[in-house]
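Listed below, chain by chain, are the residues.
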Amino acid sequence: MSWLKKESVLVPIDFSELSYQAIAPAKEFVESLSSLKLIHVLSPLHPADPAAMWDSPSDDERKQKVKKFMSEKLSEIGFDNISIEVAIGEPTGQIVDYAAEIKADLIVMPSHGYKGAKRFLLGSVAERVVRLSPCPVLILK
Amino acid sequence: MKQDLLRLRQYLPKKMIDLRTLGLIILSLILWDVVISPRAAMAQDAAAPGGFLGGIEAFVQGIVDILNLIFYFKIGGENGFPFIVLWLVIGAVFFTFRLKFINIRAFKHAIDVVRGKYDSAEDEGDVSHFQALAAALSGTVGIGNIAGVAIAIRLGGPGAAFWMTMAGFLGMSSKLAECTLGQKYRVIKPDGTVGGGPMYYLSRGLSAMGMAKVGQGLATMFAIFCAIGSLGIGNMFQANQAFAAVSNVLPFLGSLSWLFGLILAAIVGLVIIGGIERIGAVAGFLVPAMAVIYALACFWVILVSLPALPSAIGTIITTAFNPEALAGGAIGAIVVGFQRAAFSNEAGLGSAAIAHSAARTDEPVREGIVALLEPFIDTMFICNLTAIVIVLTGVYADPTAADLDGAQLSAASFAQVISWFPYVIAVAGFLFAISTMISWSYYGQQAWTYLFGESTINTYKVIFLACVFVGSVVNLGPVLDFSDIMALAMSLPNLMGCFLMSGLIARELDSYMSRLKSGEMLPESEPARSVVLK
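The model shown is predicted, which means the values in this text are computed figures rather than measured ones. (Residues numbered from 1 in each chain as written. Chains lettered and ligands numbered in written order. Predicted model: local features only at pLDDT ≥ 70, side-chain atom pairs only at ≥ 80, totals over all residues. Heavy atoms only, no water.)

## Topic: the overall build of chain A
If you tally the helices and strands in chain A, you get six helices and five strands. Going from N to C terminus, chain A has its helices and strands arranged as β-α-α-β-α-α-β-α-β-α-β. Counting the 141 residues in chain A, one finds 51% classified as buried. Relative to all contacts within chain A whose residues are 6 or more apart in sequence, the contacts with residues 24 or more apart total 72%. Split by element, the accessible area of chain A, about 6,900 Å² in all, is 52% carbon and sulfur. (Helix = DSSP H or I, 4+ residues; strand = E, 2+ residues; numbered from the N terminus. Buried < 20%, exposed > 50% of the residue type's maximum accessible area, 1.4 Å probe, protein only. Contact = heavy atoms within 4.5 Å. Areas by Shrake-Rupley, 256 points an atom, 1.4 Å probe, with all protein chains shown as cover.)

As structure tokens, this is what we get:
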């Protein structure tokens with residue numbers, strides 16, 4: 001079956017349980033974990049947010065912190081050493097751009113996730129990713 | 001399709017549907033304001049700007065009339081105290097006594113903390129105490145410090161300035177209370193940034209006291225008032241008075257308010273939509289610099305007219321207690337003074353707690369103590385200087401200048417001594433207004449996110465920019481009324497929560513002060529600082 005395996009599969013993570021649960025089905029499509037890529041998209045800070053005003057934490061520091069936070073969570077649920085990308089901006093655009101950059105063969109994501117951030121509410125990000133993605137998208141129910 | 005919709009409805013919690021409906025109502029009200037009513041006016045007479053702008057103004061007035069009925073009912077008859085102002089006064093007096101005049105007791109400590117004596121790089125949070133204070137001040141020190149004082153003196157006589165100072169003094173304690181809570185119940189997000197403010201402390205703090213429902217209700221109420229309020233105090237009022245200050249020195253702009261509105265909206269839009277983040281840092285430097293220049297000019301005017309100073313201060317104090325001073329009597333001066341002070345220093349409104357939550361500390365009370373400097377700098381210092389200049393130069397009492405109000409009255413007062421100073425006021429006012437608008441768009445955006453989530457933030461930004469335009473073209477009267485009511489309304493849920501948690505605030509404060517006195521909280525030692533440098 002290995003001829004069916006994909007070279008690079010992208011899973012967007014928004015810290016919701018549902019998005020973490022997408023990693024397992026995504027793993028089915030790849031031979032090794034190294035072909036699996038995760039991305040989290042941070043929102044840009046408002047210019048009047050004290051953190052943005054004084055550049056503290058800087059964008060790089062924010063990304064580093066999220067990477068650390070995510071790899072801890074991932075090793076808790078049994079996935080060590082998955083490559084994590086953190087981008088800042090509008091979720092759909094960043095996910096689609098990164099998919100193109102790594103020449104992803106597939107994007108796997110839940111239809112809607114985290115209620116608190118309400119970002120995936122009504123699956124709108126998933127919907128837009130489907131429309132703009134350069135590769136097939138698997139939406140999990 | 002219908003089935004899908006039904007299924008969708010099941011997924012959405014009931015509260016959310018209510019909030020969304022409410023949001024839609026508010027949104028359509030505002031859209032009606034900016035889109036439909038001007039169009040109706042334009043159909044009548046496309047050539048006359050009066051019809052176009054008049055339509056907008058009539059609508060703002062319409063909203064104000066309804067809000068007036070709800071928040072401004074007067075307690076004690078015709079000349080009584082408007083309910084919402086009384087609420088603020090009670091809040092400020094209550095916390096001053098409940099916290100045993102902490103505004104005096106902790107003043108020196110506040111300055112020590114701002115100077116960085118207690119900073120520790122290991123504590124959680126984003127920025128230093130000084131940086132958090134500067135960020136909050138760029139929201140509070142707005143054109144209100146120049147124009148608001150003039151408005152207060154116009155409406156309430158020179159005595160209103162006395163009550164503004166008093167309100168600033170008492171407001172230091174309510175500011176401490178809300179910012180302490182803001183720190184205590186903030187949330188540190190995975191990227192290290194902080195989420196804080198009344199939405200957080202009302203819901204989290206009260207739920208810790210077993211009042212989760214009340215807390216959520218108050219937090220939602222606050223978020224609604226803050227999202228709308230940001231369009232008044234932090235937007236339309238600023239745009240309106242920035243236009244007044246600028247057109248005062250560039251008279252050809254007088255009939256081009258729409259152009260000014262578009263330019264101002266474009267500048268603010270570049271920052272809040274274009275994401276020019278670093279402008280925040282520029283404001284962080286420019287606003288204090290302008291404030292210093294402004295204060296120096298005030299001192300100059302005072303110095304030049306030094307012999308008249310005692311009698312000017314005498315006028316302010318005697319008219320504060322003289323019931324015949326104006327139509328509203330002494331109560332009128334108190335009401336106007338407290339209202340304009342709260343409008344300027346935001347004490348009791350809860351907004352500044354959003355910025356103060358970002359300070360790096362493990363002692364919530366410590367940032368609260370820093371925050372009490374805010375009403376002091378904003379109201380007791382800057383506003384007071386403006387008031388003394390206005391009363392000293394006497395322009396307010398000159399019958400030939402009776403039609404001057406707000407920024408123009410302040411400018412005319414300065415022009416008595418420094419003829420070119422209206423230009424400085426125009427520049428300072430413009431910068432103050434822009435930085436305050438950017439800060440308030442942040443507060444409003446936090447509130448909006450709490451209600452509707454991050455996905456609709458651009459809707460808020462568009463509404464915000466539309467209001468920049470509306471504020472520039474509409475007359476002061478309705479803009480001021482709308483801004484006042486919505487800003488003061490924020491104090492309703494905010495102070496209610498602070499009252500309920502006042503026991504906790506007092507306990508935390510007592511524990512902090514006793515540890516401070518015992519010397520166990522010695523300023524961070526030098527080795528800890530060298531870690532920062534590495």
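## Remarks on empty space enclosed by the protein
Residues and elements named next belong to chain B. Tallied over the full model, the rule gives five cavities of 30 Å³ or more. Here the second largest cavity is characterised by a volume of approximately 80 Å³. What lines the second largest cavity is L88, A92, A167, G168, G171, S174, F338, A341, A342, N345 and A347. Taken together, the elements giving at least two residues each to the lining of the second largest cavity come down to helix 4 (83-98), helix 9 (159-184) and helix 16 (329-345). (1 Å grid on protein atoms, 1.4 Å probe; cavity = no way out; pocket = protein on both sides within 12 Å on 5 of 7 lines; lining within 4 Å. Points joined across faces, edges and corners; volume = space filled by probe spheres on them.)

## Things to note about unusual backbone geometry
Residues and elements named next belong to chain A. Omega for the peptide link from S56 to P57 comes to 0°, which places this bond in the cis form. If you check the backbone angles, D55 has positive phi at about 50° while not being a glycine. By the secondary structure assignment, D55 is in the loop between helix 3 (50-53) and helix 4 (59-76). Residue K103 is not a glycine yet carries a positive backbone phi of 50°. The residue K103 is located in the loop between helix 5 (91-101) and strand 4 (106-110) in this model. K103 gets classed as exposed once you look at its relative accessible area, which sits at 66%.

## Considering the environment of B:L385
All names here are of chain B. Its location among the elements puts L385 in helix 19 (residues 373-393). We classify L385 as buried; its relative accessible area is 7%. For the pair L385 and V301, spaced 84 residues apart in sequence, the C-alpha to C-alpha distance is 9.8 Å. Sequence-distant contacts of L385, defined by excluding residues within four places in its chain, comprise A295, C298, F299 and I302.

## Quick word on the nonpolar core
B:F71, B:V85, B:I369 and B:F414 are the most contacted members of the largest nonpolar core, which has 177 residues in total. In contact with B:I369, other than residues within four places in its own chain, are B:A106, B:H109, B:A110, B:L176, B:L509, B:Y512 and B:M513. A:F15, A:A26, A:M70 and A:I84 belong to the second-largest nonpolar core, a separate cluster that totals 22 residues. (Core = buried A, V, L, I, M, F, W, Y, C linked by side-chain atoms within 4.5 Å.)

## Examining helix 15 (residues 309-321) of chain B
Residues and elements named next belong to chain B. With 13 residues, helix 15 extends 19 Å between its outermost C-alpha atoms, agreeing within 8% with the 18 Å of an ideal straight helix rising 1.5 Å per residue. What helix 15 keeps buried is the set L309, A312, I316, T319 and A320. Mapping the buried residues of helix 15 onto a view down its axis gives an arc of 115°, with all of them on the same face. The exposed residues of helix 15 that point more than 90 degrees off its buried face are P310, T318 and F321. (Expected span 1.5 Å × (residues − 1). Arc of directions from axis to C-beta.)

## So, the confidence of the model for chain B
All names here are of chain B. Per-residue pLDDT for chain B averages 83, and the proportion of residues at 70 or more is 85%. Below pLDDT 50 for its whole length, residues 27-49 participates in 25 contacts with residues either more than four positions away or in separate chains. Taken as a whole, residues 525-534 scores under 50 in pLDDT and shows three contacts with residues more than four places along the chain or in a different chain. Among the scores for the predicted complex, ipTM is 0.85 and pTM is 0.84. (pLDDT = per-residue confidence, 0-100.)

## Topic: the packing of helix 4 of chain B against helix 24 (residues 491-500) of chain B
Helix-helix packing is characterised by the crossing angle of the two axes and by the distance between the axes. All names here are of chain B. The geometry of helix 4 relative to helix 24 is characterised by a closest axis approach of 10 Å and an angle of 30° between their N-to-C directions. Classified by the angle their axes make, helix 4 and helix 24 are roughly parallel. For helix 4 against helix 24, the interelement crossing comes out left-handed. Counting all contacts with helix 4, which are made through F83, I84, W87, L88, I90, G91, F94 and F95, the residues of helix 24 involved are S491, L492, L495, M496, C498 and F499. Grouping the amino acids of the contact of helix 4 with helix 24 by side-chain chemistry returns 12 nonpolar, two polar and no charged. (Axes fitted to C-alpha atoms, helices over the stretch in contact; angles between N-to-C directions. Parallel < 35°, antiparallel > 145°, perpendicular 65-115°, else oblique. Left-handed = near helix turned anticlockwise from the far one by under 90°. Nonpolar A, V, L, I, M, F, W, Y, C, P; charged D, E, K, R; others polar.)

## Structural notes on a negative patch on the surface
Together, A:D55, A:D59, A:D60 and A:E61 line one region of the surface with negative charge. In this structure, A:E61 sits in helix 4. (Patch = residues over 30% accessible without salt bridge, like charges linked within 9 Å, V, L, I, M, F, W, Y side chains within 5 Å. Salt bridge = Lys/Arg side-chain N within 4 Å of Asp/Glu carboxyl O. Lys, Arg positive; Asp, Glu negative; His and termini not counted. Charge placed at Lys NZ, Arg CZ, Asp CG, Glu CD.)

## Looking at the packing of helix 13 (residues 257-272) of chain B against helix 22 (residues 457-473) of chain B
Residues and elements named next belong to chain B. Packing of helix 13 against helix 22 leaves a shortest axis separation of 8 Å and a crossing angle of 150°. The angle between helix 13 and helix 22 places the two elements in the roughly antiparallel class. Considering only the axes of helix 13 and helix 22, their crossing is right-handed. Contacts between helix 13 and helix 22 involve S257, W258, F260, G261, L262, L264, A265, V268, G269 and I272 from the first element and K461, F464, L465, V468, F469, S472 and V473 from the second. Grouping the constituent residues of the contact of helix 13 with helix 22 by class yields 12 nonpolar, four polar and one charged.

## Comments concerning the pairing of strand 2 (residues 36-42) of chain A
Residues in a regular strand point their side chains to alternate faces of the sheet. Residues and elements named next belong to chain A. When you tally the buried positions in strand 2, you get seven out of seven residues, the bulk of the element. Where burial is concerned, the two faces of strand 2 agree: the one with L36, L38, H40 and L42 and the one with K37, I39 and V41 are both buried. As paired elements, strand 1 (residues 9-12) and strand 2 share four bridges and run parallel to each other. Along strand 2, the bridge assignment pairs V9 with L36. In the sheet, strand 2 pairs with strand 3 (residues 83-88) via six bridges, with the strands oriented parallel. Paired with V41 across the bridge in strand 3 is A87. (Pairing = 2+ DSSP bridges.)

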